[in-house]
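Structural features, examined
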Amino acid sequence: DGTPTVHTATTEDGATFYYTEQFVVETTAYTWTGNTTFTGTWPKQGTIAVDPDVIPLGTQVYIVGYGFATAEDTGGAIDGEIVDLYMDTEEACIAWGRRDAVVYILAE
């Protein structure tokens, strides 16, 4: 019938959430650029840049180690299963580095 199956998962701090899909992405981090996102918002903690062919803009996700986020931006180096995570400081970006993380596509 085309309705996705909804699964339940739990965050690191014990909160329950519902998702329809999960997969591993390569993550990197970015911080303040002085520009709005592709969707016109100002980036903040919880803003991610994605390849819209993989994760459509506006999609809400949970990323293990980062938290809940919304796909609001695209990036020049974002192609395929790569997600760029907004962080408040350059130090936080450096500490995150580049790593694989599980992304859950949240159920609507």
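Here is a short report on the structure shown in this document. Counting restarts for each chain: residues are numbered from 1 in the order of the written sequence. Where local features are concerned, this predicted model is filtered to residues with pLDDT of at least 70; where side-chain atom pairs are given and counted, the filter is 80 or more; whole-chain, interface and lining totals use all residues. Calculated side-chain values reflect all of the structure's heavy atoms, with hydrogen atoms and water omitted.

Section: the packing of aromatic side chains
Centre distance within 6.5 Å is the pairing criterion for rings of Phe, Tyr and Trp, where only the six-membered ring of Trp is used; planes under 30 degrees apart are then read as stacked, over 60 as edge-to-face, and the remainder as tilted. One pass over the full model with this rule turns up ten aromatic pairs. A centroid spacing of 6.3 Å and a plane angle of 45° characterise the contact between Tyr62 and Tyr104, whose relative ring orientation is tilted. Of this pair, Tyr62 sits in strand S4 (residues 60-63) while Tyr104 is found in strand S7 (residues 99-106), placing the two residues 42 residues apart along the sequence. In this structure, Tyr62 and Tyr104 share a single accessibility class: buried. Here the aromatic residues Phe17, Tyr19, Tyr62, Phe68 and Tyr104 are joined through ring pairs into a cluster of three or more. Any Lys NZ or Arg CZ that is within 6 Å of a ring centre and within 35 degrees of that ring's normal is treated as a charge sitting over the ring. The ring of Trp96 has Arg99 sitting right over it, with the charged end atom 3.7 Å from the ring centre. Put simply, DSSP H or I for four residues or longer makes a helix, DSSP E for two residues or longer makes a strand, and each gets a number counted from the N terminus. The buried label applies to any residue whose accessible area, calculated with a 1.4 Å probe on protein chains only, is under 20% of its type's maximum; exposed applies above 50%, and partly exposed to all values in between.

Overview of the pairing of strand S5 (residues 67-73)
Counting buried positions over the seven residues of S5 gives five, a clear majority of the element. Pairing analysis gives three bridges linking strand S3 (residues 47-49) to S5, with the strands arranged parallel. From the neighbouring strand, Thr47 faces S5, where its bridge partner is Thr70. Pairing between strands is defined by DSSP: at least two bridges between them are needed. Sheet topology places S4 next to S5; four bridges connect them, and they run antiparallel. By the bridge assignment, Ile63 is partnered in S5 with Gly67. Hairpin geometry of S4 and S5 is characterised by an intervening segment of three residues between the two adjacent antiparallel strands and by a positive phi of about 95° at Gly65.

Here we look at the environment of Thr59
Counting through the fold element by element, Thr59 comes out in the loop between S3 and S4. Of the residues examined, Thr59 reaches a relative accessible area of 14% and is grouped as buried. With 14 residues separating them along the chain, Thr59 and Asp73 place their C-alpha atoms 11 Å apart. Not counting the four nearest positions on each side in its chain, Thr59 is found in contact with Ala69, Thr70, Ala71 and Ile105. Pairing of N or O atoms within 3.5 Å defines a polar contact, subject to two protein rules: one partner must be a possible hydrogen donor and the other a possible acceptor, and residues neighboring in sequence count only if both atoms are side-chain atoms. Among the polar contacts listed, one links the side chain of Thr59 to the backbone oxygen of Pro56, at a separation of 2.6 Å. Residues count as neighbours in contact if any of their non-hydrogen atoms are within 4.5 Å of one another.

Comments concerning the pairing of S7
One face of the sheet, then the other: side chains in a regular strand alternate in exactly this way. Sheet analysis places strand S2 (residues 16-30) next to S7, joined by eight bridges and oriented antiparallel. Bridge pairing in S7 links Glu21 to Ile105. Pairing geometry for S4 and S7, over three bridges, is antiparallel. Residue pairing in the sheet places Ile63 in a bridge with Val103 of S7.

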